[in-house]
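Below are the chains, spelled out letter by letter.
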Amino acid sequence: MVQIWLVELLKGTGKLFLHPVLYYLVFLSGILGVMRVKRERKNFHVRAQDAYFELRQLFPQGLIIGLVFSTIIIAAGIAVPFAAVVLIAGFTILLSLTTNIRWMSPAYTVGAAFFAIVLFSQSNWTVPFFTKAFESINDMVYPSIVIVLGLLIVAEGVLILKNGYKGTSPKLAKSKRGQVIGVHEVKRLWMVPLFLLVPGTALQLPFDWWPVFHLGATEYSLIFVPFAISFYQQIKGTLPKAAIERYGRQVTTLGVLITLLAVAGYWHPLVSIIVAALALIGRESLALIAYLKDDNRPFYFSKKNNGLMIIGIIPESPAEKMELKVGEIITKINGSAIRDENTFYEALQKNRAHCKLDVLDTNGEIRFVQRALFEGDHHELGILFVLDERKYEKGA
């Protein structure tokens, strides 16, 4: 029995590399990186992160979370019809074509697939090349899909909380009054692969009670399915890390709530329809509330009278080694007061071997930072600032 399970795990893992969503996410991550670099060069004439940054975020944490949740799914015996796997992949690709990356979130892709399964089963519809999979679905509601949906929303919240704030991209824009302001933007894709139980011929049922959420089959197979999790947020009214972590906690709470409510579908399958609708409405509400709260705040990244505010730090630059932070204000360099980029550069040139900065941190307290400068160091220490209006217009 153990040997059969190990073989099935290996075969299921191999099927991951046959899934088109895996390669599609790699492609989209590369596109996001190239577009971000292009925009940053347009705004600041230099990129903050390299073009492969988004691609490097795609796998590691999502893979760990996927393995943890896969253990829960297999142990609890949560089985889903193969038709749901097909529809989720289809909606992932279809919703990505809207160019609004946040629509690839599981609340929308898995939620849409759940309602589509209900519609397909009621209408006896099929999908070309997958006729057998769709003919095998019964005229019923599948609570197991909603439980997977809840677990994926939890995964989304954890990824936003732990990874979403890393490498947020600085961006210049104009306010309604024509003032040049800075915002931070994050467009992120993660892949969370899950082992799913689908009707098959490989695994006989080891216990009478397993699988708990069964489909009426007597044998099942394992398949390692890549799920897309996307995140988009633009922040102008506060520090990006604080806003993104708060958003991540809210999404995690929603996911836990949806998962717990979805379990009730075991006794009352029709409850699953209500819970799936709540997942869609709840996820969209969180996005709207975050936008409205940020939109009502005053601009955080804007020109200051007492110095230059840092909107971005180039990795491996002198600024990063000096532990300067986004949102801090540089008030003096080597004793000279700073008003704009010109005075910043002029003060830096007075002593190219060493610089001492007076920095107003995000708590409003002054601290002093100093460092020796070397040949090849960035001419502005690797700091990105909100440009004045003339420079912005020239860059645009």
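From a predicted model like this one, the values you see are computed outputs, not experimental measurements. (Residues numbered from 1 in each chain as written. Predicted model: local features only at pLDDT ≥ 70, side-chain atom pairs only at ≥ 80, totals over all residues. Heavy atoms only, no water.)

(A) Spatial organisation of the overall build of the protein chain. The helix and strand tally for the protein chain stands at 13 helices and 10 strands. Over its C-alpha atoms, taken along the principal directions, the protein chain stretches across nearly 80 × 45 × 35 Å. For the protein chain, buried positions account for 52% of its 396 residues. Computed over 40 positive and 30 negative side-chain charges, the separation of the two mean positions in the protein chain equals 4 Å. (Helix = DSSP H or I, 4+ residues; strand = E, 2+ residues; numbered from the N terminus. Buried < 20%, exposed > 50% of the residue type's maximum accessible area, 1.4 Å probe, protein only. Lys, Arg positive; Asp, Glu negative; His and termini not counted. Charge placed at Lys NZ, Arg CZ, Asp CG, Glu CD.)

(B) Broad picture of the packing of aromatic side chains. Within this structure, the stated rule accounts for 12 aromatic pairs. Residues tryptophan 103 and tyrosine 108 carry aromatic rings whose centres are separated by 4.7 Å and whose planes lie at 65 degrees to one another, so their mutual orientation is edge-to-face. On the basis of relative accessible area, tryptophan 103 is assigned to the partly exposed category, the value being 28%. The exposure class of tyrosine 108 is buried, given its relative accessible area of 7%. Each residue in the set Phe120, Trp125 and Phe134 is aromatic and connected to the rest through ring pairs, giving one cluster. (Phe/Tyr/Trp six-rings, centres within 6.5 Å; stacked < 30°, edge-to-face > 60°.)

(C) Quick look at the environment of glycine 12. By the element assignment, glycine 12 lies in helix H1 (residues 2–16). Glycine 12 sits 348 residues away from leucine 360 along the chain, and the two C-alpha atoms are 54 Å apart. Among residues more than four places away in sequence, those in contact with glycine 12 are Phe195, Leu222, Ile223 and Phe224. (Contact = heavy atoms within 4.5 Å.)

(D) Up close: the environment of glycine 282. Tracing the backbone shows glycine 282 in helix H10 (residues 271–295). Through-space distance from the C-alpha of glycine 282 to that of proline 193 is 24 Å; in sequence the pair is 89 residues apart.

(E) A look at the side chain of glutamate 328. Here glutamate 328 shows up in the loop between helix H11 (318–321) and strand S6 (329–333). The class for glutamate 328 is buried, based on a relative accessible area of 4%. If we skip the residues at most four places from it in the chain, glutamate 328 touches Leu308, Met309, Ile310, Glu323, Val359, Leu360, Asp361, Thr362 and Arg367.

(F) View of the packing of helix H9 (residues 240–263) against H10. Two elements in contact, H9 and H10, have axes whose closest approach is 10 Å; the angle formed by their N-to-C orientations is 170 degrees. Comparing their axes, H10 and H9 come out roughly antiparallel. On H10, the residues touching Tyr247, Gln250, Val251, Leu254, Ile258, Leu261 and Ala262 of H9 are Val271, Val275, Leu278, Ala279, Gly282, Arg283, Leu286, Ala287 and Ala290. A breakdown of the residues in the contact of H9 with H10 according to their chemical character gives 13 nonpolar, two polar and one charged. (Axes fitted to C-alpha atoms, helices over the stretch in contact; angles between N-to-C directions. Parallel < 35°, antiparallel > 145°, perpendicular 65-115°, else oblique. Nonpolar A, V, L, I, M, F, W, Y, C, P; charged D, E, K, R; others polar.)

(G) Quick look at the pattern of salt bridges. This model, assessed by the stated rule, comprises nine salt bridges. A salt bridge links glutamate 185 to arginine 39, with the nearest nitrogen and oxygen atoms 3.5 Å apart. With glutamate 185 in strand S2 (residues 180–204) and arginine 39 in helix H2 (residues 20–44), this residue pair connects regions lying 146 residues apart in the sequence. Like arginine 39, glutamate 185 is buried. For arginine 56, the salt bridge goes to aspartate 50, with nearest N and O atoms at 3.1 Å. Because the salt bridges share partners, they merge into one network encompassing Arg36, Glu40 and Glu54. (Salt bridge = Lys/Arg side-chain N within 4 Å of Asp/Glu carboxyl O.)

(H) Quick look at the pairing of S6. Burial analysis of S6 places four of its five residues in the buried class, which makes it a mostly covered element. Alignment of strand S5 (residues 308–313) against S6, held across two bridges, turns out to be antiparallel. Residue methionine 309 lies in a different strand from S6, and its bridge partner there is isoleucine 329. Two elements, S6 and strand S8 (residues 354–360), share four bridges in a ladder whose sense is antiparallel. Considered in S8, the bridge of isoleucine 329 is made with leucine 360. In this sheet, strand S7 (residues 336–337) lies alongside S6 in antiparallel orientation, the contact comprising two bridges. Paired with lysine 332 across the two strands is alanine 337, which belongs to S7. Two successive antiparallel strands, S6 and S7, enclose a turn made up of two residues, where asparagine 334 displays a positive phi of approximately 50 degrees. (Pairing = 2+ DSSP bridges.)

Geometry only, nothing functional implied.
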